[in-house]
Amino acid sequence: MSPHSSPAVPDSSPTLPDDFRAAAHAAADLVADYLGGLPGRPVWQPMDPADRTSLLEAPLPKDGVPLAELLDFVGTRVMPAPMGNGNPRFFGWVNSAPAPAGVLATLAASAMNPSSAGGDHADVHLERAVVRWIAELVGFPHPASGGLLTSGTSMATIVCLAAARGRAARRAGWDVRADGLAGLPPLVAYATGETHSCVRKAAELLGLGSRHLRTVPSGPEGQLDIDALRAAVARDRADGLLPFLVVASAGTVGTGAVDAFDPIADLCAEEELWLHVDGAYGAFGVLDPAIAHRYAGLGRADSLALDPHKWLGVPVDCGCALVRDTDELRGTFSLVPSYLRDEAAGSLGWFSEYGTEQTRPFRSLKVWATIAHRGRQGISDDIARCTALARRLGELVEADPELELLAPVQTSIVAFRHRAAGLDEAAVDAVNRELPVAVQLRGRVFVTGAQLAGREMLRACLLNAATTEADLDLLLAEVRAVGAALTDRATRA
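Here's what I pulled together on the structure shown here. Worth saying up front: this structure is predicted, and the values here are computed from it rather than measured. (Residues numbered from 1 in each chain as written. Predicted model: local features only at pLDDT ≥ 70, side-chain atom pairs only at ≥ 80, totals over all residues. Heavy atoms only, no water.)

Remark: the centre distance and the inter-plane angle together describe each pair of aromatic rings, the angle taken between the planes. Going through the model one piece at a time under the given rule, you end up with five aromatic pairs. An angle of 85° between the planes, with centres 6.1 Å apart, marks the rings of Trp 44 and Phe 446 as edge-to-face. Of this pair, Trp 44 sits in the loop between α1 (20–37) and α2 (49–56) while Phe 446 sits in the loop between α13 (425–442) and β10 (448–452), placing them 402 residues apart in sequence. Judged by its relative accessible area of 24%, Trp 44 is partly exposed. One aromatic cluster is present, built from ring pairs that chain together Trp 44, Phe 90, Trp 93 and Phe 446. Here the basic side chain of Arg 128 rests over the ring of Phe 351, its NZ or CZ set 4.5 Å away from the ring centre. (Phe/Tyr/Trp six-rings, centres within 6.5 Å; stacked < 30°, edge-to-face > 60°. Helix = DSSP H or I, 4+ residues; strand = E, 2+ residues; numbered from the N terminus. Buried < 20%, exposed > 50% of the residue type's maximum accessible area, 1.4 Å probe, protein only. Lys NZ or Arg CZ within 6 Å of the ring centre and 35° of its normal.)

Structure, rendered in structure tokens:
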């Protein structure tokens, strides 16, 4: 051996368990059978009490369990009790079926198991690419490092609003990172009553306080009232407060309403306010030519939060924060201790400088696979089908004397309720309050409820392109049947 040569490194590569390959093949079959069998099963059913208890009270194993036994447990105890969102007759909340390409990519990402904080490895570069793809899909300007993937829009909203807070404080002569908010006049934000609750949570978490999140009235179609917004900003300035943020919606959670972005952006420019758009579910609606006009001006926002794990079907979890001014984003979060210095990182630095997470999961591979598998045209076709089905559902509701459409169908959410003749408003509300769970328990369709302007309603959200008109007919048939039973009970009481 040469005196300058290195000794041979012993081979210490871990050996996979003998049963891993067989278990992996069996897992693929299990998942494929599960996804293929969804349309023929009940959408959702309550868990058997014994099965529920077996999960809740599962003992910590003393010895290891073979992979085949683990897989059997998953197949017999876990997968038979789904939430239901993979089924084409699931119309509840805003939960999509998983895209098959994303399901496959999730396995590969888990096998690699990197941290996507930074460095020169595939996931970091792929994340920059898919963030750019998302921005291109929705028409949002994308400077280098103008966004990152997050756990969901709730976290993306915190990221974006923190950047807005930092800019507003700096313009007021304040360093919020060093000095906090104490001593700074209250920062005031504005949103409608239909804005997602994650905005209020972000305001509370960032120290703004929900008292300083103003509720701006909505117009007849659910859009933010620009005149009311202008008046609210003027009042707060006159009171010595610091208006700094307007949150607009690209599809509200209650009715799918899309705000008029251009006039809001004009006002924000005049008043030097940060315009943030909550596009969690609805921003991808811009890809449907039939409703794209509703999104005019979306690209003028300072930030946009949205969820690939909603309308795109990327497996949970995956949100995205897009910000026009990357300096504001990096200036809000960058903190590089000595042990994380990376002289080769280049001018963009690490993703961990643009958000709250240091260790970050490999989210980009499932986003890449989902988008690449369908392509822009395939995604556009899927979204257009969902919105067309929603409009058709709205027509069916309007044509039915037992049902009432509560808001125009703007994206793919239909807000409606059962309304039997002869019932007063209190009785109608009582029926519709009980109706969603009663429908769910029957297992044929799944729909959820909410309130709109104080009235109880049903909201059907269509995110699955595999849904058919026959599924819509079944949804309304179930609502009518359950509504009639609840009405009969109410009139007998």
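The next thing to look at is the sheet that holds strand β5 (residues 274–278). If you walk across this open sheet you meet the seven strands as β1-β7-β6-β5-β4-β2-β3, and the pairing is mixed. Each end of this open sheet is capped by a strand with a single partner; those strands are β1 (147–150) and β3 (213–216). The mean angle between the axes of side-by-side strands here comes to 20°, regardless of whether they run parallel or antiparallel. As paired elements, β5 and strand β6 (residues 303–306) share three bridges and run parallel to each other. Each bridged residue has a counterpart across the sheet, and for Asp 278 the counterpart in β6 is Ala 305. Those strands touched by helix α10 (residues 261–271) are β4 (242–249) and β5, and its axis lies near 170° from that of β4. (Pairing = 2+ DSSP bridges. Axes fitted to C-alpha atoms, helices over the stretch in contact; angles between N-to-C directions. Contact = heavy atoms within 4.5 Å.)

What follows concerns the sheet that holds strand β9 (residues 413–418). Ordered in space as β8-β9-β11-β10, the four strands form an open sheet in which the pairing is antiparallel. Here the strands that pair on one side only, and so sit at the sheet edges, are β8 (403–405) and β10. The sheet shows a mean angle of 45° between the axes of neighbouring strands, taken without regard to direction. Pairing analysis gives four bridges linking β9 to strand β11 (residues 455–461), with the strands arranged antiparallel. Paired with Phe 416 across the bridge in β11 is Leu 458. Where helix α12 (residues 364–398) meets the sheet, it contacts β8, β9 and β11, and its direction lies at approximately 130° from that of β8. Sheet strands in contact with helix α14 (residues 469–492) are β8, β9 and β11, and its direction is about 30° off that of β9.

Moving on, we come to empty space enclosed by the protein. Once rolled over the atoms, a probe with the size of a water molecule shows which space is left empty. By the definition in use, this model includes two cavities of 30 Å³ or more. Here the largest cavity is characterised by a volume of approximately 40 Å³. Of the residues contributing to the lining of the largest cavity, the split by class is four nonpolar, six polar and no charged. Taken as a whole, the second largest cavity encloses approximately 40 Å³ of empty space. As for the second largest cavity, its lining consists of Leu 148, Leu 149, Thr 150, Met 155, Val 159, Gly 355, Thr 356, Glu 357 and Arg 360. At the level of elements, β1 and α6 (153–171) are the ones that each hand at least two residues to the lining of the second largest cavity. Counting residues per element, the lining of the second largest cavity draws most heavily on β1, at three residues. Considered class by class, the residues forming the lining of the second largest cavity number four nonpolar, three polar and two charged. (1 Å grid on protein atoms, 1.4 Å probe; cavity = no way out; pocket = protein on both sides within 12 Å on 5 of 7 lines; lining within 4 Å. Points joined across faces, edges and corners; volume = space filled by probe spheres on them. Nonpolar A, V, L, I, M, F, W, Y, C, P; charged D, E, K, R; others polar.)

It is worth spelling out the side chain of Arg 360 at this point. Along the chain, Arg 360 falls in the loop between α11 (326–333) and α12. Looking at Arg 360, the relative accessible area reads 2%, which means it is buried. There is a polar contact of 2.6 Å between the side chain of Arg 360 and the side chain of Glu 127. Within polar-contact distance, the side chain of Arg 360 engages the backbone oxygen of Leu 149 at 2.8 Å. For Arg 360, the residues in contact, after removing those within four places along its chain, are Pro 114, Ser 115, Ser 116, Ala 117, Glu 127, Leu 148, Leu 149 and Phe 351. (Polar contact = N/O pair within 3.5 Å; in protein donor to acceptor, adjacent residues only side chain to side chain.)

Formed by 61 residues in total, the largest nonpolar core has its most connected members in Ile 134, Val 138, Val 246, Phe 284, Leu 304, Leu 306 and Leu 322. Filtering out sequence-adjacent residues up to four positions away, Val 246 remains in contact with Tyr 190, Leu 224, Leu 229, Ile 264, Cys 268, Leu 273, Trp 274, Leu 275 and His 276. Judged by nonpolar contacts, the second largest core, of 35 residues, contains Leu 187, Cys 198, Trp 274 and Ala 321. (Core = buried A, V, L, I, M, F, W, Y, C linked by side-chain atoms within 4.5 Å.)

It is worth spelling out α10 at this point. Turning to α10, its buried residues are Phe 261, Ile 264, Ala 265, Leu 267 and Cys 268. Looking down the long axis of α10, one finds its buried residues gathered within 160° of arc, a one-sided arrangement. Across from the buried face of α10, at angles greater than 90 degrees, the exposed residues are Ala 269 and Glu 270. Phi turns positive one or two residues past the end of α10, at Glu 272, with a value near 55°. (Arc of directions from axis to C-beta.)

Attention shifts here to the environment of Leu 389. Topologically, Leu 389 is positioned in helix α12. Judged by its relative accessible area of 6%, Leu 389 falls in the buried class. Taking the C-alpha atoms as reference, Leu 389 lies 8.1 Å from Leu 472; in sequence the two are 83 residues apart.

Looking along the chain, the bond that leaves Val 316 and enters Asp 317 is cis, with omega of 5°. Take Asp 317: it is sitting in the loop between β6 and β7 (319–323). Phi at Asn 113 is positive, roughly 55°, even though this residue is not glycine. Within the secondary structure, Asn 113 sits in the loop between α4 (100–112) and α5 (122–138). Judged by its relative accessible area of 61%, Asn 113 is exposed. Positioned with a positive phi, Glu 272 is a non-glycine residue whose angle comes to about 55°. One can find Glu 272 in the loop between α10 and β5.

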